[in-house]
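Per-entry structural report
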Amino acid sequence: MSIPKELYPSQDDLLYEEELLRNPFSLKLWWRYLIARADSPFKKRFIIYERALKALPGSYKLWHAYLRERLEIVRNLPVSHSQYETLNNTFERALVTMHKMPRVWIMYLQTLTEQKLITRTRRTFDRALCALPVTQHDRIWEPYLMFVSQRGIPIETSLRVYRRYLKYDPTHTEDFIEFLVNSSLWQEAAERLASVLNDDQFFSIKGKTKHRLWLELCDFLTKHATEVSGLNVDAIIRDGIRKFTDEVGRLWTSLAEYYIRRNLHEKARDIFEEGITTVVTVRDFSVIFDAYAQFEESMLAFKMDNMDSSDEDEEEETMKENGFEEDEDVRLDVNLSLAKFEEKILHGFWLHDDKDIGLRLARLDNVILRRPELANSVLLRQNPHNVEQWHRRVKLFEGNPKKQILTYTEAVRTVDPMKAVGKPHTLWVAFAKLYESYKDIANSRVIFDKAVQVNYKTVDNLASVWCEWAEMELRYHNSKKALELMRRTTAEPSVEVKRRVAADGSGPVQMKLHKSLRMWTFYVDLEESLGNLESTRTAYERILDLRIATPQIIINYAVLLEDNKYFEDAFKVYERGVKIFKYPHVKDIWVTYLSKFVKRYGRTKLERARELFEHAIEMTPADQVKPLYLQYAKLEEDYGLAKRAMRVYNQATKSVPNHEKLDMYEIYLARAAEIFGVPKTRDIYEQSIESGLPDKDVKVMCLKYSELEKSLGETDRARGIYVFASQYADPRSNLDFWNKWQEFEVQHGNEDTFREMLRIRRSVSASYSQTYFILPEYLMQKDQRLDLDEAKEKMKQAGITEDEMAALERQLAAPTANDSATAKEGRTVVGFVSGGAESQTDRGVTAANNEDIELPEESESEGEEEERVGIAQKDVPSSVFGGLIRKREESERAENGGDDSSAAKEKDNESRLGALERIKRQKRGA
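Thresholds, definitions, all that
Residues numbered from 1 in each chain as written. Predicted model: local features only at pLDDT ≥ 70, side-chain atom pairs only at ≥ 80, totals over all residues. Heavy atoms only, no water. UniProt positions renumbered as here; feature names shortened; annotations may be inferred. Helix = DSSP H or I, 4+ residues; strand = E, 2+ residues; numbered from the N terminus. Expected span 1.5 Å × (residues − 1). Buried < 20%, exposed > 50% of the residue type's maximum accessible area, 1.4 Å probe, protein only. Contact = heavy atoms within 4.5 Å. Core = buried A, V, L, I, M, F, W, Y, C linked by side-chain atoms within 4.5 Å. Arc of directions from axis to C-beta. Phe/Tyr/Trp six-rings, centres within 6.5 Å; stacked < 30°, edge-to-face > 60°. Lys NZ or Arg CZ within 6 Å of the ring centre and 35° of its normal. Salt bridge = Lys/Arg side-chain N within 4 Å of Asp/Glu carboxyl O. Axes fitted to C-alpha atoms, helices over the stretch in contact; angles between N-to-C directions. Left-handed = near helix turned anticlockwise from the far one by under 90°. Parallel < 35°, antiparallel > 145°, perpendicular 65-115°, else oblique. Polar contact = N/O pair within 3.5 Å; in protein donor to acceptor, adjacent residues only side chain to side chain. pLDDT = per-residue confidence, 0-100.

The name recorded for the protein in an unreviewed UniProt entry is Pre-mRNA-splicing factor SYF1, from Trapa incisa. Under the UniProt heading Subunit (unreviewed entry), the entry covering the protein gives this text: "Associated with the spliceosome." Listed in UniProt under the heading Subcellular location (unreviewed entry), the comment for the protein reads: "Nucleus".

Some remarks on helix α6 (residues 102-114)
Here α6 is 13 residues long and its end C-alpha atoms lie 18 Å apart, about the 18 Å a rise of 1.5 Å per residue gives. Most of α6 sits inside the fold, with 10 of its 13 residues counted as buried. Buried within α6 are the following residues: Pro 102, Val 104, Trp 105, Ile 106, Met 107, Tyr 108, Leu 109, Thr 111, Leu 112 and Thr 113. Elements that come into contact with the buried residues of α6 comprise α4 (60-74), α5 (82-98), α7 (118-131) and α8 (138-148). One or two residues past the end of α6 sits Lys 116, with phi positive at roughly 60°.

Topic: the nonpolar core
Within the largest apolar cluster, 126 residues are counted, with the highest numbers of intra-cluster contacts made by Trp 466 and Trp 741. Per element, the largest residue contribution to this core is 9 residues, and it comes from helix α25 (residues 459-475). If you look at the next biggest cluster of nonpolar residues, it comprises 52 residues, including Leu 20, Leu 34, Ile 106 and Ile 140.

Digging into helix α31 (residues 567-580)
Here α31 spans 20 Å end to end across 14 residues, near enough to the 20 Å set by a 1.5 Å rise per residue. All of the buried residues in α31 are Ala 570, Phe 571, Val 573, Tyr 574, Gly 577 and Val 578. One side of α31 carries all its buried residues, which in axial view fall inside an arc of 150°. Exposed residues pointing more than 90 degrees away from the buried face of α31 are listed as Lys 572 and Lys 579.

Topic: the packing of aromatic side chains
The full count for this structure, using the stated rule, is 40 aromatic pairs. Look at Phe 724 and Tyr 728: their rings are 5.9 Å apart centre to centre, the planes differ by 75°, and that puts the pair in the edge-to-face class. Just as Phe 724 is buried, Tyr 728 falls in that class too. Here a set of aromatic residues connected by ring pairs shows up, and it is made of Phe 125, Trp 141, Tyr 144, Phe 147, Tyr 165 and Tyr 168. In this arrangement the basic side chain of Lys 267 is found over the ring face of Tyr 259, its NZ or CZ atom lying 5.7 Å from the centre.

A look at the side chain of Thr 124
In this fold, Thr 124 is placed in helix α7. With residues up to four places along the chain from it excluded, the contact list for Thr 124 reads Trp 105, Tyr 108, Leu 109 and Leu 112.

Notes on the pattern of salt bridges
Taken as a whole, this structure holds 49 salt bridges when the rule is applied. Here Arg 392 and Glu 388 are joined by a salt bridge, their closest N and O atoms 3.5 Å apart. Here Glu 388 and Arg 392 lie together in helix α21 (residues 387-396), a separation of 4 residues that amounts to about one turn. A cluster of three or more residues bridged by salt bridges with shared partners is formed by Glu 266, Arg 269, Glu 296 and Arg 363.

What to know about the packing of helix α26 (residues 479-490) against helix α28 (residues 517-530)
The contact between α26 and α28 brings their axes to 10 Å, and the two run at 145°. Considering how the two elements wind past one another, α26 and α28 form a crossing that is left-handed. Together, Ser 479, Ala 482, Leu 483, Met 486, Arg 487, Thr 489 and Thr 490 of α26 and Met 519, Trp 520, Phe 522, Tyr 523, Leu 526, Glu 527 and Leu 530 of α28 make up the contact between the two elements.

Things to note about the environment of Glu 568
With respect to the helices, strands and loops of the structure, Glu 568 is situated in helix α31. As for Glu 568 and Phe 597, which are separated by 29 residues in sequence, their C-alpha atoms are 9.8 Å apart. In contact with Glu 568, not counting residues within four places along its chain, are Tyr 601, Lys 605 and Arg 608.

Some words on unusual backbone geometry
The backbone of Lys 439 shows a phi angle near 65°, a positive value even though the residue is not glycine. Of note, Lys 439 is situated in the loop between α23 (425-437) and α24 (441-451). For Lys 439, a relative accessible area of 66% translates into the label exposed. The phi angle at His 477 is positive, at roughly 60°, despite the residue not being glycine. As for its placement among the helices and strands, His 477 is situated in the loop between α25 and α26.

Comments concerning the packing of helix α36 (residues 658-676) against helix α37 (residues 681-690)
One way to put it is that α36 packs onto α37 with a least axis distance of 9 Å and a crossing angle of 165°. Taken together, α36 and α37 sit at an angle that is classed as roughly antiparallel. Crossing of α36 against α37: the hand is right-handed. Seen from α36, the contacting residues are Tyr 665, Tyr 668, Leu 669, Ala 672 and Ala 673; seen from α37, they are Thr 681, Ile 684, Tyr 685, Gln 687 and Ser 688.

Notes on the side chain of Thr 620
Counting through the fold element by element, Thr 620 comes out in the loop between α33 (606-619) and α34 (626-639). Note on Thr 620: relative accessible area 8%, which makes it buried. Polar contacts involving the side chain of Thr 620 include one to the side chain of Tyr 583, which spans 2.9 Å. In contact with Thr 620, other than residues within four places in its own chain, are Tyr 583, Val 625 and Leu 628.

What about the environment of Asn 478?
Positionally, Asn 478 belongs in the loop between α25 and α26. Contact partners of Asn 478, with chain neighbours within four places excluded, come to Arg 445 and Glu 473.

Some remarks on the confidence of the model for the protein
Of all residues in the protein, 75% have pLDDT values of 70 or greater, and the mean over the chain is 76. For residues 323-327, every residue scores under 50 in pLDDT, and the model assigns this stretch 9 contacts once sequence neighbours within four places are set aside. Here residues 910-915 is modelled with pLDDT under 50, and outside its nearest four sequence neighbours on either side it reaches 10 contacts, counting other chains as well.

Quick look at the environment of Val 598
The topology assignment puts Val 598 in helix α32 (residues 587-601). Accessibility expressed as a relative area gives 17% for Val 598, which makes it buried. In the structure, Val 598 is positioned 12 residues away from Arg 610 in sequence and 9.9 Å away in space, judged by C-alpha atoms. In this view, Val 598 contacts Phe 613, Leu 635 and Tyr 639; residues no more than four positions away in its chain are not counted.

Pasting the structure below:
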């Protein structure tokens, strides 16, 4: 056979050929030769590869490159092409020397896998595993498992390969189980999964937990109940129920489904019932109950769909056709088959009747109607000491007294009072009331008698039982029995009983019952309504001796004595009450005591009442003393002296807390104006302004004071009050004050006074700006002021340096010093006109911006100037002079009844003159 000319070495190949002739075993020369002829046809390169491999058969580099090029040639060819067989032969020749190279094996195995040569591929995989060391088997097993997992591979072959692989690496059991599941081999999959769960050393490489594997096993066993055998499914699932409490409902339904798939419906129903009665969570109960109800519905639907519509006549004809007669005895027919024998024997038997739709309907209704009871049972299994759930369980059986009695009996036996959630005594009380509702008083008394012997957690529970027992007796008009029960419960245990209990070391609540306040209050109520006065007083005295009295009991005791005309004894009870209790509990006792005493004695025992009020005020804290002061002042107004009443009001304004002082002063002013007249209130206004009221209250008081002076025609005094109050009114936040002052100046002032008001407003605004310019906004709220030390502290926190702070101190030092001096002198400040003996010139008039204001001295011609101005004169209202002036006038009128009316009229006109007019007339007379 002739060789084509293009395959012979060319002129360019002579250089490489000569070198190879000199050194044919040099891999570098052969490799350079192949690289140089990379663009040559493959046939020529094929000859070069073959020559090189003949010289160097053990070169992995040459074999690998050669095989890769041959793989590229067959890549786009069909697997039936002859080149594949040539490629396979080339691989076989390579493996003669390259049998320890896993990469060559992998290339060969992948090529065989693509060619779908199953037997040859399997044998080649086995040869590779035999040729390679164990440390490199991982590289072979991976494509091997992929090969046996392909479609078309016999199942037995795949199983054998997987079993061999698990001997090599048992940790991949999950892959084998997954393969079995995909191959529908449920029996072996379940067995393998069960063995995995029984292996405590097993670790899932897929991150599955034992819990998840259990659920997968349960799914296998339930969904393929007929395909899996040899495993105790019931025991396996029950073991899972005990281990995994969070999936109890699902496991119970899985077990029931297993029996349903095996057509054991009655067993499945038993499993559902067992699961419902054993689960302890509502979620698991809901899962099982829904599955149970669905099972009954499906069974009913199945029976209704397959119900035979034939009647009895058709059945008889069918039996005759089969050769059966009703009278013949099938037991004597030896030729009868077993199937026909069973059909004949079971015919007409009610358990074998297929037409049981009514029975199945009844079962479904029974399941649905039992749901509330079953759900309540679940909650009681969670906590059998839950009292509220027992009550709900009894309500479920409403109308069935027998079941209610059984439920109450079970409840009082089960619930431990020391562990109970709720009030355990209510079970006994409800149990007794159940008998009472059916007029069975004897059994109700028996229940109460047993209930009072129970050792409850608290005394109040036991007291409630006794009270309910007594109320039952009262409902049936057994008042003597009720009183006897109360006297029995309130009796103190004997010394012998106390000694016995102390020896046992346990103190039941029955030993503390005689100190139960609830028992005593119920007892005294019974005594008041059913007993006599002496027995009731004895009960109250016993309460006081036991030191369990409350303020309400003290008041009730005193009211009882008052109703029976024992007034002094009632007041003694009040005295005992105010000695026993402290504030705030004694407040009601004091108020009731004082009101009753004043109502009883009035002015007859005035000194004693005053002592009581003084003692009460002394014992009362400042924040609650205001009502007592008002009551004390009312006493003095009604039965005492007006001056003493004013003294009480004055003392009250000093004793109440700051936030109540304004209200107290308003009451004080109203009463003083009514009794002594409006001029008397000037001293009170000045006192309130100088008494240390909060700044906002001082401003309010000043406004009221200025309105008073304006109503009396004293415009100068009103203006001075406005000037004084201006230091508390920031123009930025107190616009109402400045608007009122402006209206006042428009009505009663002139251009100079209006300018002075504007100047003071600018001065006050600048003062507030200098004080607050560096402080946070929340400290610049309305009616809030800071001392110099507080301002310095806030400026330190704001990061102001010492030099800047010193400059601010110098700016604020003068106002601060003036303020302190003013405080010492009783807050005598700018333009304030005193209503007392102190004159304006003695105090010194200082403006808000520290500038002196000189007021012109009064001259004799002042009246003439004012006459020229034409000041309007108004009569002073008679209400200004108060009730005492009117009383005095009436008395004088009564004494001097013969005086002429003209003199009286002149005197009255003179008394009605304003203060300014009186001063003018005095000057003219002088």
